[in-house]
Amino acid sequence: MAGDLSDKPLVKVNCSALPESLLESELFGHVKGAFTGAIKDSEGRFQKANGGTIFFDEIGDLSPMVQLKLLRVLEEREFERVGSSATVKANVRVIAATNKNLLEQVSQGTLREDLYYRLKVVEIKLPPLRARTEDIPLLVDHFCERFNAKFKKNIKSVSSDVFQAFLKYSWPGNVRELEHTMEHAFVLCNKSVITYDDLPTDFMKLAGVRRSRPEAQSDDAGAVLAALNNTDWNKAKAARLLGIDRVTLYRKIKRYGLVREPLDVKL
């Protein structure tokens with residue numbers, strides 16, 4: 001399809017969340033009496049997405065039967081609803097995502113080779129979160145905004161030591177793992193800043209981090225000063241790097257008596 005699809009339907013399909021017995025009906029629809037419980041005709045997600053986009057999440061989890069039917073839609077832009085012989089036309093852009101190695105699945109025989117190459121028209125590879133730690137501050141801010149609205153709280157961010165642990169952690173579950181970690185913390189946190197006490201126990205074990213000692217102010221002062229120097233004393237950037245708000249940063253600067261060293265300029 002060509003043209004701007006921003007105002008067209010966007011229909012999502014989580015391939016791993018739907019059992020095979022329901023997935024075909026969910027995708028292509030069914031007619032009344034097609035199976036037990038089919039008390040009326042139903043549109044599938046391809047029909048609902050007609051003229052727009054359908055997004056398959058975890059495409060590698062599709063069964064061989066559904067893979068074959070999906071291949072036909074991609075090649076011929078048509079399908080039949082479950083229990084019907086009438087052909088339905090579909091003009092839909094297909095976007096698929098996965099965290100699996102699809103080429104490896106092809107070699108193992110769990111993914112059709114022809115479907116793999118039919119999907120691989122335009123491929124976008126997103127590096128794992130551990131390879132783009134510069135995205136973590138933005139993601140933390142995003143999840144704070146989302147979960148503040150969801151839980152009706154006013155949590156500003158995460159503490160500086162938690163933020164440093166986030167940067168050092170390998171995040172095998174990528175953005176979803178960060179999201180779940182933040183959501184867990186929001187459920188437990190009753191303060192304005194998330195600390196180690198709010199994090200999942202599993203994360204603490206996997207990350208191999210230790211809670212900061214309350215008396216370890218010299219370490220905290222060093223972290224604050226390093227953040228300020230690394231951002232050329234841009235306090236907004238330094239606060240983001242430390243995972244704290246600017247009011248807290250100003251308070252720490254005052255508490256630790258931090259000052260900016262003058263530039264060594266030679267005339």
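Everything numeric in this text was worked out from a predicted model, so none of it was measured.

Thresholds applied
- Once a new chain begins, its residue numbering starts again from 1 and follows that chain's sequence as written.
- It should be noted that, the model being predicted, local features are given only for residues of pLDDT at least 70 and side-chain atom pairs only at 80 or more, the latter also being counted only at that level, while totals for whole chains, interfaces and linings use all residues.
- Only hydrogens and water are set aside; all other atoms, that is, all heavy atoms of the structure, feed into the side-chain values.
- Strands here mean DSSP runs of E at least two residues long; helices mean DSSP runs of H or I at least four residues long; both are numbered from the N terminus.
- A simple rule labels every residue: compare its accessible area, found with a 1.4 Å probe on the protein chains alone, to the largest value its type can have, and call it buried under 20%, exposed over 50%, or partly exposed in between.
- Positive charges come from Lys and Arg, negative ones from Asp and Glu, while His and the chain ends are left out of the count.
- The rule for a salt bridge is simple: a side-chain nitrogen of Lys or Arg has to be within 4 Å of a carboxyl oxygen of Asp or Glu.
- Throughout this description, a polar contact denotes any pair of N or O atoms lying within 3.5 Å of each other; where both atoms belong to protein, one of them has to be capable of donating a hydrogen while the other can accept it, and for residues adjacent in sequence the pair is counted only when both atoms sit in side chains.
- Contacts are assigned to residue pairs that have any heavy atoms within 4.5 Å of one another.
- Of all possible arcs, the one meant is that of the directions from the helix axis to the C-beta atoms.

Novice: Looking at this structure, how should I read the side chain of Glu177?
Specialist: Following the sequence through the fold, Glu177 ends up in helix H8 (residues 174-188). Buried charge without a salt bridge: Glu177, with Arg130 as the nearest opposite-charge side chain at an N-O distance of 8.2 Å. Polar contacts involving the side chain of Glu177 include one to the main-chain amide nitrogen of Gly173, which spans 2.7 Å. Excluding anything up to four places from it in sequence, Glu177 contacts Tyr169, Trp171 and Pro172.

Novice: It is not clear to me how helix H12 (residues 246-256) should be interpreted in this structure. Could you clarify?
Specialist: Residue pairs three or four apart in sequence face the same way in an α-helix, which turns once every 3.6 residues. Along H12, the positions that sit buried rather than exposed are Thr248, Leu249, Lys252, Ile253 and Tyr256. For H12, the arc enclosing every buried residue in end-on projection is 140°, short of the 170-degree limit, so these residues lie on one face. In this structure, H12 carries Val247 and Lys254 as exposed residues pointing more than 90 degrees from its buried face. Structurally, the start of H12 carries an N-cap: the backbone nitrogen of Val247 is 3.1 Å from a side-chain oxygen of Asp245. Positive backbone phi, at 60°, marks Gly257, one or two positions downstream of H12.

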